[in-house]
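Architecture at a glance
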Amino acid sequence: MTDLDIKRLDGAAAGDEELEAWRHVHNTIIPTHLLSLADVRERAVRNHLELAYADGVLVGNSTVRPPEGDTATATVIARVLAEHRRRGFGEQLYERALRRARELDARVIETCVLESNADGLRFALEHGFVETERYLLDGDTIPWIDLRLDEAASTGSP
Ligand SMILES: CC(C)(COP(=O)(O)OP(=O)(O)OC[C@H]1O[C@@H](n2cnc3c(N)ncnc32)[C@H](O)[C@@H]1OP(=O)(O)O)[C@@H](O)C(=O)NCCC(=O)NCCS
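To start, this report covers the structure provided alongside it. (Residues numbered from 1 in each chain as written. Predicted model: local features only at pLDDT ≥ 70, side-chain atom pairs only at ≥ 80, totals over all residues. Heavy atoms only, no water.)

With that settled, the discussion passes to the site of the ligand. Within the structure, the ligand sits among 19 residues, and Ala78, Val80, Arg86, Gly88 and Gly90 are positioned closest to it. Contact distances for the ligand include 2.9 Å between an oxygen atom and a backbone N or O atom of Glu91. Burial of the ligand by the surrounding chains reaches 75%, relative to a free accessible area of 940 Å². Those elements giving two or more residues to the shell around the ligand turn out to be strand S4 (73-80), helix H3 (89-103), strand S5 (108-114) and helix H4 (118-126). Top element by residues in the shell around the ligand is H4. It accounts for five residues. (Near = heavy atom within 4 Å. Polar contact = N/O pair within 3.5 Å; in protein donor to acceptor, adjacent residues only side chain to side chain. Areas by Shrake-Rupley, 256 points an atom, 1.4 Å probe, with all protein chains shown as cover. Helix = DSSP H or I, 4+ residues; strand = E, 2+ residues; numbered from the N terminus.)

As structure tokens, this is what we get:
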């Protein structure tokens, strides 16, 4: 299997080229919620953003929103461009993002998927997430689905 070359966006120091690459993946996969370069720049400071390359080709990105609130809930999202799916890249990105969230002491892991992203929804359900909420954001036409990792189910404990 091809190992991904993963590059972290360096917060406020992230360059425009990396921010544009991250934005390209996001906006291609989430066309209903287009981000500007300024939006991505702000997220690069607030969140842990990564880019994934396979043999020098951009194939995906990821987001880890650090834990917050009393529940220490982190959000983990893997994204792989449609033409590069089903080669194990999503798994690599997801496992790495999950590890990062754990390192940041997350106790609860969530993800969110656009309802129309059937691949993303299936991937999340197969990785032990359960749906918690479905909602429309202002201006959106397709609902978001929030899901939470069911630790008991994914570890096999009762
Ligand atoms: C979710 C997502 C990241 C998965 O990306 P991916 O690169 O296709 O993920 P993987 O290749 O690791 O796994 C996807 C499927 O391919 C299969 N697969 C993995 N390697 C394979 C290979 N070499 N040959 C054939 N199939 C393979 C996996 O078993 C899995 O099968 P299944 O889900 O149909 O049972 C991608 O679909 C996506 O970007 N979706 C939209 C964004 C989104 O909603 N993200 C939220 C999820 S956290």
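The next point concerns the sheet that holds strand S6 (residues 129-135). Taken in spatial order, the seven strands of this open sheet run S1-S2-S3-S4-S5-S7-S6, and their pairing is mixed. In the strand order of this sheet, the two ends are held by strand S1 (5-8) and S6, each with one partner. Across this sheet, the average inter-strand angle for adjacent strands is 25 degrees, counted without regard to direction. As paired elements, S1 and strand S2 (residues 48-54) share four bridges and run antiparallel to each other. If you follow Arg8 over to S2, its bridge partner there is Glu50. Contacting S1, S2, strand S3 (57-68) and S4, helix H1 (residues 16-29) crosses the sheet at an angle of about 90 degrees to S3. Relative to the sheet, H3 contacts S1, S2, S3, S4, S5, S6 and strand S7 (144-149), its axis offset from that of S4 by approximately 160 degrees. (Pairing = 2+ DSSP bridges. Axes fitted to C-alpha atoms, helices over the stretch in contact; angles between N-to-C directions. Contact = heavy atoms within 4.5 Å.)

Next up on the list: unusual backbone geometry. The backbone of Asp55 sits at a positive phi, close to 50 degrees, despite the residue not being glycine. Backbone geometry places Asp105, a non-glycine residue, at a positive phi of 70 degrees. Note on Asp105: relative accessible area 60%, which makes it exposed. (Buried < 20%, exposed > 50% of the residue type's maximum accessible area, 1.4 Å probe, protein only.)

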